[in-house]
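Chain by chain, the residues run as shown.
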Amino acid sequence: MTRIPRKSNWTILKFGGSSVSEAAHWQTIAHVVQQQKSTGFRPILVLSALKNVSNLLEALLHQSISGVHPIAIEHLKEMHQGLISHLKLPVDILLPQFKNLENICNEIHQSQQITPKNHAAVVSFGELFSTTIGLHFLNRQQISTDWVDARKILLSIQQADSWHHYTSAYCDFEYSPQLRSQLEQLNKVIITQGFIASDIDGNTVLLGREGSDTSAAYFGAKLNAAEVQIWTDVPGVFSANPKEISQAKQLPNLTYQQAHTMAQLGAKVLHPRALEPAMSNTIPIQVKCTHLPQNEGTRISVIDTTEVIDTTEAAKDSAQIIAITAEPQITWIRLPQTQKMDIDLLIEKVTAAGFDLILKSQKNKTCHLIFIYTNSDQAQLTDEALQQYLSIDNIKIKSALSLVSLINISNQGAWANKIVQFTQQFLPNGLLEALDFSSQGHLSLIVSNPNQLCQQLHFHLIENQLDNTFFGVNWKDLQN
Ligand code: ADP
Ligand code: ASP
Ligand code: MG
(Lines give C-alpha, C1' and ligand atoms only; values in the text may rest on other atoms or scores of the structure.)
(Ligands and ions follow the chains in the order given, each with its own letter.)
Protein backbone atom coordinates (compact mmCIF):
# COMPACT_ATOMS: atom_id res chain seq x y z
CA MET A 1 0.00 0.00 0.00
CA THR A 2 1.17 3.51 -0.81
CA ARG A 3 2.17 5.54 2.22
CA ILE A 4 -0.03 8.61 2.34
CA PRO A 5 1.96 11.75 3.10
CA ARG A 6 0.69 14.77 4.98
CA LYS A 7 -1.83 16.78 3.00
CA SER A 8 -0.57 18.37 -0.21
CA ASN A 9 -1.19 21.97 -1.22
CA TRP A 10 -3.68 20.96 -3.90
CA THR A 11 -7.22 22.27 -3.51
CA ILE A 12 -10.06 20.97 -5.64
CA LEU A 13 -12.60 23.62 -6.63
CA LYS A 14 -15.77 22.17 -8.11
CA PHE A 15 -18.18 24.59 -9.77
CA GLY A 16 -21.69 23.33 -10.54
CA GLY A 17 -23.97 24.04 -13.50
CA SER A 18 -25.48 27.29 -12.22
CA SER A 19 -22.03 28.64 -11.31
CA VAL A 20 -20.47 28.09 -14.74
CA SER A 21 -23.50 29.23 -16.75
CA GLU A 22 -23.35 32.93 -15.93
CA ALA A 23 -20.68 35.26 -17.25
CA ALA A 24 -20.71 37.30 -14.00
CA HIS A 25 -19.80 34.21 -11.99
CA TRP A 26 -16.66 33.72 -14.04
CA GLN A 27 -15.16 36.83 -12.41
CA THR A 28 -15.76 35.19 -9.03
CA ILE A 29 -14.26 31.92 -10.25
CA ALA A 30 -11.11 33.77 -11.42
CA HIS A 31 -10.97 35.62 -8.11
CA VAL A 32 -11.26 32.40 -6.08
CA VAL A 33 -8.48 30.81 -8.13
CA GLN A 34 -6.21 33.84 -7.60
CA GLN A 35 -6.94 33.80 -3.89
CA GLN A 36 -6.03 30.12 -3.65
CA LYS A 37 -2.80 30.73 -5.53
CA SER A 38 -1.84 33.73 -3.41
CA THR A 39 -2.23 31.69 -0.22
CA GLY A 40 0.09 28.97 -1.50
CA PHE A 41 -2.46 26.48 -2.83
CA ARG A 42 -2.53 24.81 -6.22
CA PRO A 43 -6.08 24.80 -7.51
CA ILE A 44 -7.68 22.19 -9.75
CA LEU A 45 -11.01 23.30 -11.16
CA VAL A 46 -13.56 20.56 -11.73
CA LEU A 47 -16.46 21.87 -13.79
CA SER A 48 -19.99 20.72 -14.51
CA ALA A 49 -21.75 21.32 -17.80
CA LEU A 50 -23.72 24.57 -18.17
CA LYS A 51 -27.11 24.42 -16.46
CA ASN A 52 -29.57 22.05 -18.18
CA VAL A 53 -27.05 21.00 -20.85
CA SER A 54 -26.81 17.40 -19.61
CA ASN A 55 -30.61 17.14 -19.85
CA LEU A 56 -30.52 18.53 -23.40
CA LEU A 57 -27.80 16.04 -24.35
CA GLU A 58 -29.92 13.18 -23.01
CA ALA A 59 -32.79 14.45 -25.16
CA LEU A 60 -30.40 14.77 -28.12
CA LEU A 61 -29.94 11.00 -28.13
CA HIS A 62 -33.62 10.52 -28.92
CA GLN A 63 -33.63 13.44 -31.35
CA SER A 64 -30.81 11.68 -33.22
CA ILE A 65 -33.02 8.64 -33.73
CA SER A 66 -35.80 10.72 -35.25
CA GLY A 67 -33.34 12.80 -37.27
CA VAL A 68 -34.06 16.24 -35.77
CA HIS A 69 -30.65 16.39 -34.06
CA PRO A 70 -29.21 19.16 -36.30
CA ILE A 71 -31.78 21.62 -34.86
CA ALA A 72 -31.08 20.48 -31.29
CA ILE A 73 -27.31 20.81 -31.82
CA GLU A 74 -27.85 24.31 -33.19
CA HIS A 75 -29.72 25.22 -29.98
CA LEU A 76 -26.87 23.85 -27.85
CA LYS A 77 -24.38 25.85 -29.92
CA GLU A 78 -26.36 29.05 -29.39
CA MET A 79 -26.50 28.47 -25.62
CA HIS A 80 -22.73 28.11 -25.39
CA GLN A 81 -22.13 30.88 -27.90
CA GLY A 82 -24.10 33.23 -25.63
CA LEU A 83 -21.67 32.65 -22.76
CA ILE A 84 -18.66 32.77 -25.08
CA SER A 85 -19.65 36.18 -26.41
CA HIS A 86 -20.41 37.56 -22.91
CA LEU A 87 -16.92 36.47 -21.86
CA LYS A 88 -15.50 38.03 -25.07
CA LEU A 89 -13.74 34.83 -26.14
CA PRO A 90 -13.03 33.74 -29.75
CA VAL A 91 -16.26 32.49 -31.37
CA ASP A 92 -14.84 29.25 -32.76
CA ILE A 93 -13.39 27.60 -29.63
CA LEU A 94 -16.05 24.86 -29.46
CA LEU A 95 -16.33 24.10 -33.16
CA PRO A 96 -14.11 20.95 -33.21
CA GLN A 97 -16.02 19.47 -30.24
CA PHE A 98 -19.39 20.25 -31.83
CA LYS A 99 -18.19 18.55 -35.03
CA ASN A 100 -17.37 15.40 -33.02
CA LEU A 101 -20.77 15.49 -31.33
CA GLU A 102 -22.48 15.86 -34.70
CA ASN A 103 -20.63 12.81 -36.05
CA ILE A 104 -21.74 10.63 -33.12
CA CYS A 105 -25.36 11.80 -33.52
CA ASN A 106 -25.26 11.00 -37.25
CA GLU A 107 -24.02 7.49 -36.43
CA ILE A 108 -26.87 7.04 -33.94
CA HIS A 109 -29.30 8.14 -36.63
CA GLN A 110 -27.86 5.68 -39.12
CA SER A 111 -27.82 2.74 -36.72
CA GLN A 112 -31.18 3.75 -35.15
CA GLN A 113 -29.80 2.58 -31.83
CA ILE A 114 -28.99 4.26 -28.53
CA THR A 115 -26.51 2.10 -26.67
CA PRO A 116 -25.25 2.82 -23.12
CA LYS A 117 -21.86 3.47 -24.74
CA ASN A 118 -23.08 6.18 -27.10
CA HIS A 119 -25.33 7.57 -24.35
CA ALA A 120 -22.19 8.21 -22.25
CA ALA A 121 -20.26 9.57 -25.22
CA VAL A 122 -22.97 12.11 -26.11
CA VAL A 123 -23.77 13.25 -22.56
CA SER A 124 -20.05 13.78 -21.76
CA PHE A 125 -19.89 16.73 -24.18
CA GLY A 126 -21.47 19.13 -21.67
CA GLU A 127 -18.40 19.02 -19.45
CA LEU A 128 -16.02 19.08 -22.43
CA PHE A 129 -17.68 22.31 -23.63
CA SER A 130 -17.73 24.09 -20.25
CA THR A 131 -14.09 23.29 -19.46
CA THR A 132 -12.97 24.52 -22.89
CA ILE A 133 -14.73 27.83 -22.23
CA GLY A 134 -13.16 27.97 -18.75
CA LEU A 135 -9.68 27.30 -20.11
CA HIS A 136 -9.89 30.19 -22.56
CA PHE A 137 -11.40 32.54 -19.99
CA LEU A 138 -8.77 31.92 -17.30
CA ASN A 139 -5.89 32.23 -19.73
CA ARG A 140 -7.42 35.48 -20.97
CA GLN A 141 -7.38 36.65 -17.31
CA GLN A 142 -3.61 35.96 -17.22
CA ILE A 143 -4.17 32.88 -15.05
CA SER A 144 -1.95 30.35 -16.71
CA THR A 145 -4.17 27.27 -17.03
CA ASP A 146 -3.90 23.77 -18.53
CA TRP A 147 -6.86 21.62 -19.74
CA VAL A 148 -6.62 18.06 -18.45
CA ASP A 149 -8.90 15.33 -19.75
CA ALA A 150 -10.52 13.71 -16.69
CA ARG A 151 -10.78 10.46 -18.68
CA LYS A 152 -6.99 10.17 -18.59
CA ILE A 153 -7.03 10.26 -14.78
CA LEU A 154 -10.21 8.62 -13.51
CA LEU A 155 -10.45 4.95 -14.37
CA SER A 156 -13.75 3.19 -13.78
CA ILE A 157 -14.29 -0.22 -12.25
CA GLN A 158 -15.85 -2.76 -14.63
CA GLN A 159 -19.55 -3.48 -13.94
CA ALA A 160 -21.46 -6.44 -15.32
CA ASP A 161 -24.57 -4.49 -16.21
CA SER A 162 -23.81 -2.40 -19.27
CA TRP A 163 -26.19 0.49 -18.41
CA HIS A 164 -24.56 1.02 -15.00
CA HIS A 165 -21.08 0.44 -16.43
CA TYR A 166 -21.48 3.41 -18.79
CA THR A 167 -23.76 5.74 -16.86
CA SER A 168 -23.20 5.14 -13.16
CA ALA A 169 -19.52 4.32 -12.92
CA TYR A 170 -17.39 4.02 -9.79
CA CYS A 171 -13.68 4.81 -9.91
CA ASP A 172 -10.63 3.87 -7.98
CA PHE A 173 -9.60 6.72 -5.66
CA GLU A 174 -6.43 5.49 -4.04
CA TYR A 175 -3.79 8.10 -3.37
CA SER A 176 -1.47 8.32 -6.40
CA PRO A 177 2.00 9.85 -5.98
CA GLN A 178 2.52 9.38 -9.76
CA LEU A 179 -0.50 11.52 -10.57
CA ARG A 180 0.62 14.09 -8.04
CA SER A 181 4.07 14.49 -9.59
CA GLN A 182 2.63 14.41 -13.12
CA LEU A 183 0.27 17.30 -12.32
CA GLU A 184 2.92 19.15 -10.32
CA GLN A 185 5.13 19.21 -13.39
CA LEU A 186 2.47 21.10 -15.33
CA ASN A 187 3.07 24.00 -12.95
CA LYS A 188 -0.20 25.67 -13.90
CA VAL A 189 -3.77 25.92 -12.68
CA ILE A 190 -5.59 22.83 -13.92
CA ILE A 191 -9.08 22.73 -15.35
CA THR A 192 -10.84 19.39 -15.80
CA GLN A 193 -14.29 17.88 -16.23
CA GLY A 194 -16.61 16.63 -13.57
CA PHE A 195 -18.96 13.68 -14.22
CA ILE A 196 -16.78 11.81 -16.75
CA ALA A 197 -14.19 9.07 -16.57
CA SER A 198 -13.03 6.24 -18.79
CA ASP A 199 -13.16 2.47 -18.55
CA ILE A 200 -10.23 0.11 -18.98
CA ASP A 201 -10.83 0.02 -22.77
CA GLY A 202 -10.71 3.81 -23.01
CA ASN A 203 -14.47 4.27 -23.46
CA THR A 204 -16.08 7.36 -21.96
CA VAL A 205 -18.22 6.58 -18.92
CA LEU A 206 -20.37 8.79 -16.65
CA LEU A 207 -20.41 8.87 -12.85
CA GLY A 208 -24.21 9.17 -12.60
CA ARG A 209 -26.27 12.36 -12.80
CA GLU A 210 -24.94 15.07 -10.46
CA GLY A 211 -21.66 13.17 -10.47
CA SER A 212 -19.29 16.16 -10.65
CA ASP A 213 -19.22 16.32 -6.83
CA THR A 214 -17.96 12.73 -6.89
CA SER A 215 -15.29 13.63 -9.47
CA ALA A 216 -14.05 16.41 -7.18
CA ALA A 217 -13.83 13.98 -4.26
CA TYR A 218 -11.99 11.42 -6.41
CA PHE A 219 -9.43 14.03 -7.47
CA GLY A 220 -9.10 15.14 -3.85
CA ALA A 221 -8.45 11.58 -2.65
CA LYS A 222 -6.03 10.70 -5.46
CA LEU A 223 -3.94 13.79 -4.70
CA ASN A 224 -4.47 13.82 -0.93
CA ALA A 225 -5.65 17.40 -1.37
CA ALA A 226 -5.83 19.92 1.45
CA GLU A 227 -9.51 20.55 0.75
CA VAL A 228 -12.35 19.95 -1.69
CA GLN A 229 -14.55 23.00 -2.26
CA ILE A 230 -18.02 22.53 -3.76
CA TRP A 231 -19.21 25.85 -5.21
CA THR A 232 -22.95 25.95 -5.87
CA ASP A 233 -25.99 28.26 -5.80
CA VAL A 234 -26.58 28.11 -2.00
CA PRO A 235 -24.02 28.83 0.75
CA GLY A 236 -23.75 25.37 2.23
CA VAL A 237 -25.90 22.56 3.49
CA PHE A 238 -29.07 23.78 5.19
CA SER A 239 -31.58 22.33 7.63
CA ALA A 240 -33.93 21.80 4.65
CA ASN A 241 -33.92 22.65 0.96
CA PRO A 242 -33.70 26.47 1.19
CA LYS A 243 -35.42 26.86 -2.18
CA GLU A 244 -38.50 25.25 -0.65
CA ILE A 245 -38.32 26.31 2.99
CA SER A 246 -37.17 29.91 3.24
CA GLN A 247 -36.56 29.64 7.00
CA ALA A 248 -34.02 26.85 6.42
CA LYS A 249 -30.90 27.41 8.52
CA GLN A 250 -27.32 27.00 7.47
CA LEU A 251 -25.43 24.11 9.07
CA PRO A 252 -21.88 25.48 9.56
CA ASN A 253 -20.39 22.09 10.51
CA LEU A 254 -21.32 18.54 9.64
CA THR A 255 -19.55 15.23 10.01
CA TYR A 256 -19.00 13.13 6.88
CA GLN A 257 -21.57 10.68 8.20
CA GLN A 258 -24.25 13.33 8.73
CA ALA A 259 -23.60 14.84 5.30
CA HIS A 260 -23.75 11.40 3.71
CA THR A 261 -27.05 10.59 5.40
CA MET A 262 -28.54 13.88 4.26
CA ALA A 263 -27.26 13.50 0.68
CA GLN A 264 -28.45 9.91 0.46
CA LEU A 265 -31.91 10.89 1.66
CA GLY A 266 -32.47 13.78 -0.74
CA ALA A 267 -30.31 16.83 0.09
CA LYS A 268 -29.31 17.35 -3.52
CA VAL A 269 -26.65 19.95 -2.70
CA LEU A 270 -24.10 17.12 -2.50
CA HIS A 271 -23.94 13.78 -4.25
CA PRO A 272 -23.86 10.94 -1.68
CA ARG A 273 -21.00 9.21 -3.52
CA ALA A 274 -18.75 12.22 -2.94
CA LEU A 275 -18.50 11.56 0.77
CA GLU A 276 -16.65 8.26 0.86
CA PRO A 277 -13.49 9.29 -1.05
CA ALA A 278 -13.23 12.43 1.09
CA MET A 279 -13.97 10.66 4.37
CA SER A 280 -11.58 7.77 3.84
CA ASN A 281 -8.75 10.25 3.26
CA THR A 282 -10.02 12.82 5.82
CA ILE A 283 -10.18 15.56 3.22
CA PRO A 284 -12.47 18.36 4.39
CA ILE A 285 -15.28 19.42 2.06
CA GLN A 286 -16.33 23.08 2.14
CA VAL A 287 -19.68 23.83 0.46
CA LYS A 288 -19.78 27.43 -0.75
CA CYS A 289 -21.87 29.73 -2.88
CA THR A 290 -20.65 31.41 -6.07
CA HIS A 291 -22.82 34.50 -5.66
CA LEU A 292 -22.03 34.86 -1.92
CA PRO A 293 -18.32 33.95 -1.98
CA GLN A 294 -17.52 35.62 1.37
CA ASN A 295 -19.92 33.34 3.25
CA GLU A 296 -18.05 30.44 4.84
CA GLY A 297 -20.78 27.92 3.98
CA THR A 298 -20.63 24.43 5.47
CA ARG A 299 -17.55 22.52 6.51
CA ILE A 300 -17.80 18.74 6.33
CA SER A 301 -15.05 17.03 8.26
CA VAL A 302 -14.31 14.69 11.14
CA ILE A 303 -15.29 17.35 13.67
CA ASP A 304 -17.54 15.51 16.04
CA THR A 305 -20.66 17.59 16.51
CA THR A 306 -21.89 15.10 19.11
CA GLU A 307 -19.35 16.62 21.51
CA VAL A 308 -21.74 19.49 22.09
CA ILE A 309 -24.68 17.18 22.71
CA ASP A 310 -26.37 17.07 26.04
CA THR A 311 -25.73 13.45 27.06
CA THR A 312 -27.84 13.36 30.22
CA GLU A 313 -30.37 10.51 30.37
CA ALA A 314 -33.25 12.96 30.04
CA ALA A 315 -31.79 14.52 26.92
CA LYS A 316 -31.03 11.18 25.24
CA ASP A 317 -34.62 10.45 24.28
CA SER A 318 -35.44 13.94 23.12
CA ALA A 319 -34.72 14.51 19.47
CA GLN A 320 -32.29 17.19 18.40
CA ILE A 321 -33.26 17.35 14.77
CA ILE A 322 -30.78 19.27 12.63
CA ALA A 323 -32.31 18.73 9.20
CA ILE A 324 -35.27 17.49 7.20
CA THR A 325 -34.77 16.00 3.77
CA ALA A 326 -37.26 14.92 1.14
CA GLU A 327 -36.84 12.51 -1.73
CA PRO A 328 -39.83 12.71 -4.05
CA GLN A 329 -40.83 9.95 -6.44
CA ILE A 330 -39.60 6.94 -4.59
CA THR A 331 -40.60 3.34 -5.26
CA TRP A 332 -41.33 1.37 -2.12
CA ILE A 333 -41.05 -2.41 -2.06
CA ARG A 334 -42.22 -4.34 0.99
CA LEU A 335 -41.37 -7.99 1.44
CA PRO A 336 -43.29 -9.57 4.32
CA GLN A 337 -41.36 -12.82 4.77
CA THR A 338 -37.68 -12.48 4.12
CA GLN A 339 -36.20 -15.68 5.46
CA LYS A 340 -36.37 -17.58 2.17
CA MET A 341 -35.46 -14.74 -0.10
CA ASP A 342 -32.10 -13.64 -1.38
CA ILE A 343 -32.51 -9.90 -0.80
CA ASP A 344 -29.21 -9.00 -2.46
CA LEU A 345 -30.29 -10.78 -5.63
CA LEU A 346 -33.60 -8.94 -5.57
CA ILE A 347 -31.82 -5.59 -5.17
CA GLU A 348 -29.57 -6.52 -8.09
CA LYS A 349 -32.60 -7.23 -10.27
CA VAL A 350 -34.37 -3.99 -9.40
CA THR A 351 -31.14 -2.06 -9.94
CA ALA A 352 -30.71 -3.68 -13.36
CA ALA A 353 -34.15 -2.25 -14.24
CA GLY A 354 -32.76 1.26 -13.70
CA PHE A 355 -33.50 1.92 -10.03
CA ASP A 356 -31.04 2.99 -7.34
CA LEU A 357 -31.41 1.71 -3.79
CA ILE A 358 -31.48 4.48 -1.21
CA LEU A 359 -32.66 2.63 1.90
CA LYS A 360 -33.01 -0.91 3.12
CA SER A 361 -34.60 -1.73 6.44
CA GLN A 362 -35.04 -5.20 7.80
CA LYS A 363 -36.82 -5.82 11.06
CA ASN A 364 -38.93 -8.71 12.35
CA LYS A 365 -38.76 -10.52 9.02
CA THR A 366 -40.28 -7.56 7.19
CA CYS A 367 -38.00 -5.92 4.70
CA HIS A 368 -38.53 -2.49 3.18
CA LEU A 369 -36.56 -1.42 0.15
CA ILE A 370 -36.71 2.16 -1.08
CA PHE A 371 -35.55 2.92 -4.59
CA ILE A 372 -35.40 5.94 -6.81
CA TYR A 373 -35.63 5.59 -10.55
CA THR A 374 -32.46 6.78 -12.26
CA ASN A 375 -32.54 5.26 -15.70
CA SER A 376 -33.52 8.18 -17.87
CA ASP A 377 -32.96 6.20 -21.05
CA GLN A 378 -35.85 3.81 -20.63
CA ALA A 379 -39.51 4.32 -19.94
CA GLN A 380 -40.16 3.81 -16.23
CA LEU A 381 -41.68 0.46 -15.36
CA THR A 382 -45.18 0.59 -13.93
CA ASP A 383 -45.70 -1.04 -10.53
CA GLU A 384 -47.50 -3.93 -12.27
CA ALA A 385 -44.66 -4.41 -14.76
CA LEU A 386 -42.08 -4.38 -11.97
CA GLN A 387 -44.20 -6.87 -10.03
CA GLN A 388 -44.34 -9.17 -13.05
CA TYR A 389 -40.63 -8.81 -13.69
CA LEU A 390 -39.76 -9.74 -10.09
CA SER A 391 -42.46 -12.40 -9.86
CA ILE A 392 -42.43 -12.80 -6.07
CA ASP A 393 -45.57 -13.73 -4.15
CA ASN A 394 -46.93 -11.20 -1.64
CA ILE A 395 -44.52 -8.51 -2.66
CA LYS A 396 -45.96 -5.00 -2.29
CA ILE A 397 -44.78 -2.35 -4.74
CA LYS A 398 -45.87 1.27 -4.72
CA SER A 399 -44.32 4.15 -6.62
CA ALA A 400 -45.00 7.91 -6.72
CA LEU A 401 -44.45 8.17 -2.98
CA SER A 402 -42.08 10.43 -1.05
CA LEU A 403 -39.54 9.80 1.64
CA VAL A 404 -39.27 12.47 4.33
CA SER A 405 -36.35 12.01 6.71
CA LEU A 406 -35.46 13.68 9.96
CA ILE A 407 -31.77 13.84 10.79
CA ASN A 408 -30.99 13.71 14.49
CA ILE A 409 -27.71 14.88 15.96
CA SER A 410 -27.45 11.88 18.21
CA ASN A 411 -27.92 8.24 17.38
CA GLN A 412 -28.90 7.16 20.86
CA GLY A 413 -32.14 7.01 22.76
CA ALA A 414 -35.74 6.36 21.86
CA TRP A 415 -36.48 9.65 20.14
CA ALA A 416 -37.87 8.20 16.93
CA ASN A 417 -41.12 6.87 18.44
CA LYS A 418 -41.98 10.21 19.92
CA ILE A 419 -41.38 11.95 16.60
CA VAL A 420 -43.56 9.45 14.74
CA GLN A 421 -46.45 10.18 17.12
CA PHE A 422 -45.87 13.92 16.83
CA THR A 423 -45.85 13.67 13.03
CA GLN A 424 -49.24 11.92 12.72
CA GLN A 425 -51.11 15.18 13.39
CA PHE A 426 -49.77 16.73 10.16
CA LEU A 427 -50.77 13.80 7.96
CA PRO A 428 -54.46 13.90 7.04
CA ASN A 429 -54.09 10.70 4.99
CA GLY A 430 -51.94 8.97 7.58
CA LEU A 431 -48.43 7.77 7.54
CA LEU A 432 -47.77 4.85 5.20
CA GLU A 433 -44.75 3.62 7.09
CA ALA A 434 -42.10 4.89 9.51
CA LEU A 435 -38.63 3.41 9.20
CA ASP A 436 -36.69 3.79 12.42
CA PHE A 437 -33.00 4.30 11.72
CA SER A 438 -32.36 6.07 15.02
CA SER A 439 -29.17 4.07 15.56
CA GLN A 440 -27.89 5.67 12.36
CA GLY A 441 -29.17 9.12 13.28
CA HIS A 442 -32.33 9.37 11.20
CA LEU A 443 -35.99 8.54 10.99
CA SER A 444 -37.57 8.11 7.55
CA LEU A 445 -41.26 8.44 6.81
CA ILE A 446 -43.01 7.18 3.70
CA VAL A 447 -45.77 9.61 2.78
CA SER A 448 -47.87 10.47 -0.22
CA ASN A 449 -47.45 14.25 -0.03
CA PRO A 450 -44.32 15.73 1.55
CA ASN A 451 -44.77 19.49 1.07
CA GLN A 452 -46.94 20.55 4.00
CA LEU A 453 -45.30 17.97 6.21
CA CYS A 454 -41.77 19.27 5.65
CA GLN A 455 -42.88 22.86 6.35
CA GLN A 456 -44.65 21.83 9.55
CA LEU A 457 -41.89 19.62 10.85
CA HIS A 458 -39.28 22.26 10.06
CA PHE A 459 -41.30 24.88 11.91
CA HIS A 460 -41.91 22.78 15.03
CA LEU A 461 -38.67 20.83 15.28
CA ILE A 462 -36.06 23.25 13.93
CA GLU A 463 -37.28 26.86 13.88
CA ASN A 464 -38.74 26.51 17.38
CA GLN A 465 -35.74 24.74 18.81
CA LEU A 466 -34.14 26.54 21.74
CA ASP A 467 -30.73 24.99 21.20
CA ASN A 468 -29.16 26.85 18.30
CA THR A 469 -25.69 25.42 18.69
CA PHE A 470 -25.83 23.64 15.35
CA PHE A 471 -27.31 26.36 13.19
CA GLY A 472 -26.03 29.38 11.33
CA VAL A 473 -27.88 32.04 9.42
CA ASN A 474 -31.35 31.66 7.82
CA TRP A 475 -31.61 31.37 4.05
CA LYS A 476 -34.23 34.16 4.11
CA ASP A 477 -31.88 36.57 5.90
CA LEU A 478 -29.19 35.90 3.31
CA GLN A 479 -31.52 37.13 0.58
CA ASN A 480 -31.64 40.68 2.02
P1 ADP B 1 -24.98 22.26 -8.67
O2 ADP B 1 -25.53 22.50 -10.04
O3 ADP B 1 -24.08 23.36 -8.20
O4 ADP B 1 -24.40 20.90 -8.48
P5 ADP B 1 -27.42 21.40 -7.36
O6 ADP B 1 -28.66 21.95 -7.96
O7 ADP B 1 -27.04 20.01 -7.68
O8 ADP B 1 -26.23 22.42 -7.70
O9 ADP B 1 -27.46 21.52 -5.77
C10 ADP B 1 -27.79 22.74 -5.15
C11 ADP B 1 -29.27 22.72 -4.78
O12 ADP B 1 -29.49 21.74 -3.76
C13 ADP B 1 -29.77 23.99 -4.14
O14 ADP B 1 -30.16 24.94 -5.10
C15 ADP B 1 -30.94 23.50 -3.28
O16 ADP B 1 -32.18 23.76 -3.90
C17 ADP B 1 -30.76 21.98 -3.23
N18 ADP B 1 -30.85 21.46 -1.86
C19 ADP B 1 -31.66 20.43 -1.48
N20 ADP B 1 -31.55 20.19 -0.18
C21 ADP B 1 -30.65 21.08 0.31
C22 ADP B 1 -30.11 21.32 1.61
N23 ADP B 1 -30.47 20.60 2.69
N24 ADP B 1 -29.20 22.32 1.75
C25 ADP B 1 -28.83 23.06 0.68
N26 ADP B 1 -29.31 22.88 -0.57
C27 ADP B 1 -30.20 21.90 -0.76
N1 ASP C 1 -23.64 17.76 -15.66
C2 ASP C 1 -23.97 16.56 -14.90
C3 ASP C 1 -25.43 16.58 -14.50
O4 ASP C 1 -26.13 17.55 -14.76
C5 ASP C 1 -23.08 16.35 -13.72
C6 ASP C 1 -23.15 17.42 -12.65
O7 ASP C 1 -23.55 18.55 -12.94
O8 ASP C 1 -22.78 17.14 -11.51
O9 ASP C 1 -25.90 15.60 -13.98
MG1 MG D 1 -25.23 19.00 -8.06
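Report on the accompanying structure. (Residues numbered from 1 in each chain as written. Chains lettered and ligands numbered in written order. Predicted model: local features only at pLDDT ≥ 70, side-chain atom pairs only at ≥ 80, totals over all residues. Heavy atoms only, no water.)

A few words now on the overall build of the protein chain. Summing up its helical and strand segments, the protein chain has 18 helices and 16 strands in all. Rg of the C-alpha trace for the protein chain: 23 Å, near the compact-globule value of 23 Å for 480 residues, within the 12% margin. Its C-alpha atoms put the protein chain at 65 × 55 × 50 Å along the principal axes. Buried positions account for 55% of the 480 residues belonging to the protein chain. Once local pairs closer than 6 in sequence are excluded, the contacts in the protein chain between residues at least 24 apart make up 76%. Summed over all atoms, the accessible surface of the protein chain reaches about 21200 Å², with 50% contributed by carbon and sulfur. For the protein chain, the separation between the mean place of its 35 positive charges and that of its 42 negative charges on side chains is 4 Å. (Helix = DSSP H or I, 4+ residues; strand = E, 2+ residues; numbered from the N terminus. Rg over C-alpha atoms; globule rule 2.2 N^0.38 Å. Buried < 20%, exposed > 50% of the residue type's maximum accessible area, 1.4 Å probe, protein only. Contact = heavy atoms within 4.5 Å. Areas by Shrake-Rupley, 256 points an atom, 1.4 Å probe, with all protein chains shown as cover. Lys, Arg positive; Asp, Glu negative; His and termini not counted. Charge placed at Lys NZ, Arg CZ, Asp CG, Glu CD.)

Bringing the environment of Q193 into the picture now. By the element assignment, Q193 lies in strand β4 (residues 189-193). In this structure, the C-alpha to C-alpha distance between Q193 and T132, residues 61 residues apart in sequence, is 9.5 Å. Excluding its chain neighbours within four sequence positions, the residues that come into contact with Q193 are V46, L47, E127, L128, T131, W147, V148, D149, A150, S215 and F219. There is a polar contact of 3.2 Å between the side chain of Q193 and the side chain of T131. A distance of 2.8 Å separates a polar side-chain atom of Q193 from the backbone nitrogen of A150. (Polar contact = N/O pair within 3.5 Å; in protein donor to acceptor, adjacent residues only side chain to side chain.)

Around ligand 2, the neighbouring residues are S48, A49, S54, E127, F195, R209, E210, G211 and S212. Residue S48 places a side-chain N or O atom 3.0 Å away from an oxygen atom belonging to ligand 2. The contact in question runs from an oxygen atom of ligand 2 to an N or O atom on the backbone of S212, over 3.0 Å. Notes on ligand 2: free accessible area 260 Å², of which the protein chains cover 91%. (Near = heavy atom within 4 Å.)

Here we take up the packing of helix α4 (residues 69-86) against helix α5 (residues 95-111). Relative orientation and spacing of two packed helices are given, respectively, by the angle between their axes and the distance between those axes. The geometry of α4 relative to α5 is characterised by a closest axis approach of 11 Å and an angle of 160° between their N-to-C directions. The pairing of α4 with α5 is recorded here as roughly antiparallel in orientation. Regarding α4 and α5, the two cross each other, and that crossing is right-handed. In this structure, α4 uses H69, I73, L76, K77 and H80 to contact α5, whose residues at the interface are F98, E102, C105, N106 and H109. Its residues placed into classes, the contact of α4 with α5 shows 4 nonpolar, 4 polar and 2 charged. (Axes fitted to C-alpha atoms, helices over the stretch in contact; angles between N-to-C directions. Parallel < 35°, antiparallel > 145°, perpendicular 65-115°, else oblique. Left-handed = near helix turned anticlockwise from the far one by under 90°. Nonpolar A, V, L, I, M, F, W, Y, C, P; charged D, E, K, R; others polar.)

This part takes up the sheet that holds strand β11 (residues 321-335). In space, the 6 strands of this open sheet follow the order β12-β13-β11-β14-β16-β15, with antiparallel pairing throughout. The sheet is open, and its two borders are formed by β12 (355-363) and β15 (433-437), each paired with just one other strand. Direction aside, the axes of adjacent strands within the sheet are offset by 30° on average. Bridge count between β11 and strand β13 (residues 366-373): 6 bridges; the pairing is antiparallel. Across the sheet, R334 pairs through a bridge with H368, a residue of β13. Across the face of the sheet, helix α15 (residues 383-390) comes into contact with β11, β12 and β14 (396-408) while running at roughly 100° to β14. (Pairing = 2+ DSSP bridges.)

The local shell around ligand 1 holds 18 residues, among which E210, T232, D233, N241 and K268 are the closest. E210 places a side-chain nitrogen or oxygen 2.8 Å from an oxygen atom of ligand 1. One of the backbone N or O atoms of V269 is found 3.4 Å from an oxygen atom in ligand 1. Across the complex, the protein chains shield 90% of the 570 Å² of accessible surface that ligand 1 would expose by itself. Looking at the shell around ligand 1 residue by residue, the classes come out as 8 nonpolar, 5 polar and 5 charged.

Attention now moves to the pattern of salt bridges. Under the definition given, this model contains 12 salt bridges. Among the ionic pairs, E74 bridges to K77, the shortest N-O distance being 4.0 Å. One end of the pair is E74 and the other is K77, both in helix α4 and 3 residues apart, which spans about a single turn. Here K243 and D233 are joined by a salt bridge, their closest N and O atoms 2.7 Å apart. (Salt bridge = Lys/Arg side-chain N within 4 Å of Asp/Glu carboxyl O.)

Now for α15. Along α15, the residues classified as buried are D383, L386 and L390. For α15, the arc enclosing every buried residue in end-on projection is 65°, short of the 170-degree limit, so these residues lie on one face. In this structure, α15 carries E384 and Q388 as exposed residues pointing more than 90 degrees from its buried face. Those residues of α15 hidden inside the fold are in contact with β11, α14 (343-352), β12 and β14. Positive phi shows up at S391, right after α15, with a value of about 40°. (Arc of directions from axis to C-beta.)

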